[in-house]
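Here is how the chains run, residue by residue.
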Amino acid sequence: MVLYERAPAKVNLSLDVLGKRDDGFHEVEMIMTAVDLADRVELYPLDGNRIEVSADNQYVPNDERNLAYKAAVAFKNKYRINKGVRIEIEKNIPVSAGLGGGSSDAAAVMRGLNRMWSVGASLDELANIGAGIGSDVPFCIYSNTALGTGHGEKVHRLAPPPPCYIILAKPDIGITTRVIFQNVNTADLTHPKTEQVIQAMEEKNFEKLCSNIGNALESVTFSLYPEVQRLKEKMIQAGTTGVLMSGSGPTVVGLVEHLSKAKRIYNGLRGFCDEVYIVQSIDRR
Ligand code: ATP
């Protein structure tokens, strides 16, 4: 029997880099919310103990480098399961875009295997396993709205953003997160007002949210990829109420309150950049 899981993208509403740790990781503080742009992950039981993975995207590896494959290995090891699975991924989330697509596929595989093999693990247990696969995987296990600390893997539930439309604009480049962090000089960063963003979401204050969102990695990504900065400027000119880059880029996130405005901006951005989407947070509490 085939089993299906949605793997939603995440967007950042803030991203701060607090410093570099002795283990080489950067200490971060970031606010993320899951949105209704999602990969489709299908799981098919396989005879034997094999794991197979395939994704319909040329930039995604169909082998043990795939984060979904790593998630299946980690899950099987943790619960000592000698069964096989074939993972098929329909990629709808742009790859290397700052939208956490690979992490979300990994999280979806763990949620799905938990059901397929009736393991009964809690989401907290799955998040613990996920932390060993990638910093964003624990967030993606819950796919709600959260503050990620440590190197992003420690997640603390937050109030969702006030109802609004989120425009995602992605230039035709892929960015490797590692490269951006290698170029971080912590003394040069502009820090977002994380606490104000959290308050704005608790108060459901859209204007306050928009005036406080920010991403400390923007200056680093902008200096290496000036087209991302140009895209951000274009989105401000187009009338988005709040704008920031997601993750290490290149996707730029614009917030607006009304759908009519979102559609107008969407139409203006198409042709200017590779891919544009209008999405919403899926976290409705
Ligand atoms: P991050 O900010 O965590 O780097 P991202 O959204 O920018 O996330 P992803 O799309 O998750 O980037 O993928 C980044 C890299 O991971 C790519 O080089 C890709 O080949 C590899 N990868 C491995 N598994 C997957 C997967 N299931 N989906 C997408 N990319 C994957």
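From a predicted model like this one, the values you see are computed outputs, not experimental measurements.

Chemist: What is the right way to look at the overall build of the protein chain in this model?
Modeler: From N to C terminus, the protein chain includes ten helices and eleven strands. In summary, the protein chain has a C-alpha radius of gyration of 19 Å against a globular reference of 19 Å for 285 residues, a match within 12%. Along the first, second and third principal axes, the C-alpha atoms of the protein chain reach 55 × 45 × 35 Å. Counting across all 285 residues of the protein chain, residues that qualify as buried make up 48%. For the protein chain, long-range pairs separated by at least 24 residues make up 72% of all intrachain contacts whose partners lie at least 6 apart in sequence.

Chemist: Explain the UniProt feature "binding site: ATP" (unreviewed entry) in the protein chain to me, please; I cannot follow it from the model alone.
Modeler: Taken from the UniProt record, the annotation "binding site: ATP" (unreviewed entry) applies to Pro94, Val95, Ser96, Ala97, Gly98, Leu99, Gly100, Gly101, Gly102, Ser103 and Ser104. For Leu99, the position within the fold is in the loop between strand S4 (84–90) and helix H2 (101–116). Its 27 C-beta neighbours within 10 Å are what place Leu99 among the buried residues. Those residues in contact with Leu99, other than ones at most four positions away along the chain, are Ala9, Lys10, Val11, Ile93, Pro94, Ser246 and Thr251. Counting through the fold element by element, Gly102 comes out in helix H2. A tally of 29 C-beta atoms within 10 Å means that Gly102 is categorised as buried.

Chemist: Please clarify how the pairing of strand S9 (residues 242–245) should be interpreted in this entry.
Modeler: Remark: a regular strand shows side chains that alternate across the two faces of the sheet. Side chains Gly242 and Leu244 of S9 all project onto a buried face; the interleaved residues Val243 and Met245 project onto the opposite face, where all are buried too. One ladder, built from four bridges, connects S9 with strand S10 (residues 252–256); its direction is antiparallel. Residue pairing in the sheet places Gly242 in a bridge with Leu255 of S10.

Chemist: How should the packing of helix H1 (residues 67–79) against H2 be read in this particular structure?
Modeler: What describes two packed helices is the angle between their axes and the distance between those same axes. Taken N-terminus to C-terminus, the directions of H1 and H2 make an angle of 35 degrees; their axes are 8 Å apart at the nearest point. Here H1 and H2 pass one another in a crossing that is right-handed. The residues of H2 that touch H1, namely those facing Leu67, Ala68, Lys70, Ala71, Ala72 and Phe75, are Gly102, Ser103, Asp105, Ala106, Val109, Met110 and Leu113. For the contact of H1 with H2, the per-class residue count stands at nine nonpolar, two polar and two charged.

Chemist: Explanation requested: the domain arrangement of the protein chain in the structure shown.
Modeler: Where interface size is given, it is often the accessible area lost as the parts come together that is meant. Annotation of the protein chain at the domain level lists domain 1 (3–157) and domain 2 (165–279). Each of domain 1 and domain 2 has a C-alpha centre, and the two are 23 Å apart. With 24 residues of domain 1 at the contact, the number on the domain 2 side is 32 residues. Mapped onto the side of domain 1 that touches domain 2, the elements with two or more residues apiece are strand S1 (3–20) and strand S2 (26–46). Counted by class, the side of domain 1 that touches domain 2 contains 13 nonpolar, seven polar and four charged residues.

Chemist: What is the right way to read the UniProt feature "active site" (unreviewed entry) in the protein chain from this model?
Modeler: Taking the UniProt record as the reference, the feature "active site" (unreviewed entry) is found at Lys10 and Asp136. Taken along the chain, the residues just named run across 127 residues; in space they keep tight, none of their C-alpha pairs more than 9.1 Å apart. With respect to the helices and strands, the residue Lys10 is situated in strand S1. Ignoring anything within four residues of it in the chain, the contact list for Lys10 reads Met32, Thr33, Ala34, Leu99, Gly100, Ser104, Asp136, Phe139 and Cys140. Tracing the chain through its elements places Asp136 in the loop between helix H3 (123–130) and helix H4 (137–142).

Chemist: How do you make sense of the site of the ligand when you look at a structure like this?
Modeler: With respect to spatial proximity, 23 residues lie near the ligand, and among them Leu67, Gly101, Gly102, Asp105 and Thr177 are the closest. For the shell around the ligand, the elements supplying multiple residues, two or more each, are H1 and H2. It is H2 that contributes the most residues to the shell around the ligand, four residues altogether. Here the residues of the shell around the ligand sort into ten nonpolar, ten polar and three charged. Counting residues domain by domain, the shell around the ligand receives three or more from each of domain 1 (3–157) and domain 2 (165–279).

Chemist: I keep staring at unusual backbone geometry and nothing clicks. Help me out?
Modeler: As a rule of thumb, non-glycine residues mostly have phi less than zero, and peptide bonds are mostly trans rather than cis. Going from Gly249 to Pro250, the amide bond is cis rather than trans, its omega being 5 degrees. Relative to the elements of secondary structure, Pro250 occurs in the loop between S9 and S10. Phi at Arg80 takes a positive value of approximately 50 degrees, unusual for a residue other than glycine. Judged by local crowding, Arg80 falls into the exposed class, with 6 C-beta atoms found within 10 Å. Here Ser96, not a glycine, exhibits a phi torsion of approximately 50 degrees, which is positive. Within the secondary structure, Ser96 sits in the loop between S4 and H2.

Chemist: Which parts of the structure should I look at to understand the nonpolar core?
Modeler: Nonpolar side chains in soluble globular proteins tend to end up buried together. In terms of nonpolar packing, the biggest core is built from 83 residues, with Ala68, Ala71, Ala72, Val109 and Met110 touching the most fellow members. Setting aside chain neighbours within four positions, we find Ala72 in contact with Ile51, Val85, Ile87, Val109 and Leu113.

Parameters at a glance
- For every chain, the first residue of its written sequence is number 1, and the numbers climb from 1 along that sequence.
- Owing to the predicted nature of the model, reporting of local features is limited to residues with pLDDT of at least 70; listing and counting of side-chain atom pairs is limited to 80 or more, with chain, interface and lining totals taken over all residues.
- Note on conventions: DSSP H or I runs of at least 4 residues are helices, E runs of at least 2 residues are strands, and numbering of each starts at the N terminus.
- In this setup the radius of gyration rests on C-alpha atoms only. A globule is expected at 2.2 Å times the number of residues raised to 0.38.
- Partly exposed residues are those falling between the two cut-offs: more than 12 but fewer than 20 other C-beta atoms within 10 Å of their own, whereas 20 or more means buried and 12 or fewer means exposed, with C-beta atoms placed from the backbone.
- Whether two residues are in contact is decided by their C-beta atoms, placed from the backbone, lying within 7 Å.
- UniProt positions are given in the numbering used here, feature names are shortened, and annotations may be inferred rather than shown by experiment.
- Paired strands, as defined in this entry, are two strands with at least two bridges between them according to DSSP.
- Only the stretch in contact is used when a helix axis is fitted, and all axes are lines through C-alpha atoms; the angle between N-to-C directions ranges over 0 to 180 degrees.
- For any helix crossing, the convention is left-handed if the near helix is rotated counterclockwise from the far helix by under a right angle, and right-handed if that rotation is clockwise.
- Throughout, the ten residues Ala, Val, Leu, Ile, Met, Phe, Trp, Tyr, Cys and Pro are labelled nonpolar, Asp, Glu, Lys and Arg are labelled charged, and all others, Gly among them, are labelled polar.
- Note: domain ranges come from an automatic or database domain assignment.
- The criterion for a residue being near a molecule or strand is simple: its C-beta atom, placed using the backbone, must lie within 6 Å of it.
- Note on definitions: a nonpolar core is a set of buried residues drawn from Ala, Val, Leu, Ile, Met, Phe, Trp, Tyr and Cys, linked by C-beta atoms within 7 Å.

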